[in-house]
Amino acid sequence: MKKVFTIIAVIAFLSNVMAQELKIKKGNIIIDDQTVATIKKESGRYNYTISDLSGALLYQAAIKSKTPKGRETSQLWIELTNRDNKVQEVTLKLKRFNINLEKRLVENLVEKKFLTSSGVEESLYNNANTDITDELDRILDDFEAAYAIEDKKAEEYKLVLGSPVGVFYQITSDFVLIGYMTGKSRPDPKNNEKVISEYFVYDTDKNPVAGLQFGSYDTGDELKPKYIKTFEDDQDHPIITKCRFYTLDKEPMANRMVKMLFAKGYLKKRTIK
């Protein structure tokens, strides 16, 4: 059902934009053969100035992926700043192929009526709205709070994901073996150019405790969490730490997985007080 709604939303978005003929020609934004504004590329990767036909500033527009707290995310959005320095964040909808992000930016502004055939929509222009990054930072605050608890417990109990013995990396607490971890990669059956990676954590008898699957193209960006599945209770636990594809003992995602399982009592519950 969710996919159906997504398809409908995309069709509605494209139909709305296509109903109005939009062109960007020599820096001019043209809607239905009428020039309504100009756009100029500024320094930086995705920074633009949008002006009215007299040359007066309408918006400083930027495609962003970093929140005000400096967190890099996998999500893109449009940040508009008007001449009064009011910031308005706008969702950036993308198509399957997005070679020209400048045009995607303008398409979204037109679709959401920040730019119209008669110029700027004043009721939107004068608003200030940072709901997108407020929500992202709230989500990431929650993850960081949970990670701080896991880090403290790992330090207190001297939790270590250590060197491998064969294919098994040893997990110790207070220098006592409490489990093992393995990692492997295999071709993605849906796309031979991509690789699926898998981590598994075991108890000391090498019974599987939890698994985590992700792709080489999907490295843990914050807004695309992976899920650690614990087999004992069939639960999924989100994780946002990025994989760097190091050896497991130095791999941040692997270490985060071990810390989470230890803190939640999935590895030797009796060691947790």
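Rules of the game
Once a new chain begins, its residue numbering starts again from 1 and follows that chain's sequence as written. Only residues with pLDDT of 70 or above have their local features reported here, since the model is predicted, and side-chain atom pairs are shown and tallied only from 80 upward, although totals for entire chains, interfaces and linings are computed over all residues. To obtain the side-chain values, all non-hydrogen atoms of the structure were used and water was disregarded. Helix numbers and strand numbers start at the N terminus; a helix is a DSSP run of H or I with at least 4 residues, a strand a run of E with at least 2. Residues are treated as being in contact if the distance between any of their heavy atoms lies within 4.5 Å. In this analysis, rings of Phe, Tyr and Trp, with Trp reduced to its six-membered ring, are considered paired at centre separations within 6.5 Å, and the interplanar angle assigns stacked below 30 degrees, edge-to-face beyond 60, and tilted for intermediate values. Among buried residues, the Ala, Val, Leu, Ile, Met, Phe, Trp, Tyr and Cys ones that are joined through side-chain atoms within 4.5 Å form a nonpolar core. Summary of the burial criterion: residues with accessible area below 20% of their type's maximum are buried, those above 50% are exposed, and those between are partly exposed, where the area comes from a 1.4 Å probe applied to protein chains only. Note on pairing: two strands pair once DSSP finds at least 2 bridges between them. Any Lys or Arg side-chain nitrogen found within 4 Å of a carboxyl oxygen on Asp or Glu counts as a salt bridge. What counts as an axis is a line fitted to C-alpha atoms, over the stretch in contact for a helix, and the angles between N-to-C directions run from 0 to 180 degrees. An angle below 35 degrees is read as roughly parallel, one above 145 as roughly antiparallel, one from 65 to 115 as roughly perpendicular, and any other as oblique. Residues are sorted three ways: Asp, Glu, Lys and Arg are charged, Ala, Val, Leu, Ile, Met, Phe, Trp, Tyr, Cys and Pro are nonpolar, and all the rest, Gly among them, are polar.

## Notes on the side chain of R256
Residue position: R256 is located in helix α5 (residues 252-263). What R256 contacts, discounting residues up to four positions off in sequence, is Y147, E150, D151, I239 and T241.

## A closer look at the environment of T204
Tracing the backbone through its elements, the reader meets T204 in the loop between β13 (191-202) and β14 (208-215). Separated by 27 residues in the primary sequence, T204 and L177 place their C-alpha atoms 7.0 Å from one another. Sequence-distant contacts of T204, that is, excluding residues within four places in its chain, are made with L177, I178, G179, Y180 and K268.

## Overview of the packing of aromatic side chains
Under the criterion given, the structure shown has 7 aromatic pairs. Ring plane angle 70° and centroid distance 5.6 Å describe the contact between F168 and Y202, whose orientation is recorded as edge-to-face. On the criterion of sequence distance, the pair formed by F168 in strand β11 (residues 168-173) and Y202 in strand β13 is long-range, its members being 34 residues apart. Judged by centre distance (6.0 Å) and plane angle (45°), the rings of F214 and F245 are tilted. Separated by 31 residues along the polypeptide, F214 in strand β14 and F245 in the loop between β16 (235-239) and α5 bring together distant segments of the chain.

## Observations regarding the environment of I228
Along the chain, the position of I228 falls in strand β15 (residues 226-230). Expressed as a C-alpha distance, the spacing of I228 and P238, which sit 10 residues apart in the sequence, is 6.3 Å. I228 has contacts with A210, G211, L212, Q235, D236, H237, I239, M257, M260 and L261, leaving out every residue within four places of it along the chain.

## Quick notes on the nonpolar core
Counting residues in each nonpolar core, the largest one holds 31 residues, and the members touching the most others are I171, M181, Y199, V201, M257 and L261. Those elements that place two or more of their residues in this core are α4 (131-156), β10 (159-165), β11, β12 (176-188), β13, β14 and α5. Ranked by residue count, the leading element in this core is α5, at 7 residues. Those residues in contact with I171 that lie beyond four places of it in its chain are L159, V160, L161, V176, L177, I178, G179, Y180, M181, V201, V258 and L267.

## Thoughts on the pairing of strand β1 (residues 22-25)
As paired elements, β1 and strand β2 (residues 28-31) share 4 bridges and run antiparallel to each other. Each residue of the ladder has a partner; that of I24, found in β2, is I29. As consecutive antiparallel partners, β1 and β2 are separated by 2 residues, and within that stretch K26 has a phi angle of approximately 55°, a positive value.

## A word on the pattern of salt bridges
Throughout the structure, instances matching the rule amount to 18 salt bridges. Here K23 and E21 are joined by a salt bridge, their closest N and O atoms 3.5 Å apart. Looking at E21, the relative accessible area reads 38%, which means it is partly exposed. For K259, the salt bridge is made with D151, and the minimal N-O distance between the two is 3.1 Å.

## With respect to the packing of α4 against α5
The interhelical angle for the contact between α4 and α5, taken along N-to-C directions, is 80°, at an axis separation of 9 Å. In terms of orientation, α4 and α5 fall into the roughly perpendicular class. On the side of α4, the interface is formed by Y147, E150, D151, K153 and A154, while α5 contributes R256, K259, M260, F262 and A263. Residues that form the contact of α4 with α5 fall into these classes: 5 nonpolar, no polar and 5 charged.

## Regarding the pairing of strand β7 (residues 87-91)
Summarising the sheet, strand β6 (residues 72-82) and β7 pair through 5 bridges and their orientation is antiparallel. Across the sheet, the residue bridging to I78 is V90, located in β7. The turn joining β6 and β7, which pair antiparallel and follow one another in sequence, is formed by 4 residues; a positive phi near 65° is taken by N85.

## Notes on the sheet that holds β13
One open sheet holds the 7 strands; their spatial order is β10-β11-β12-β13-β14-β15-β16, and the pairing between them is antiparallel. Two strands bound the open sheet, and with one partner strand each, they are β10 and β16. Across the sheet, the mean angle separating the axes of adjacent strands is 25° when strand polarity is ignored. As judged from the 5 bridges shared by β10 and β11, these two strands associate in the antiparallel manner. Of the residues in β11, the one forming a bridge with V160 is T172.

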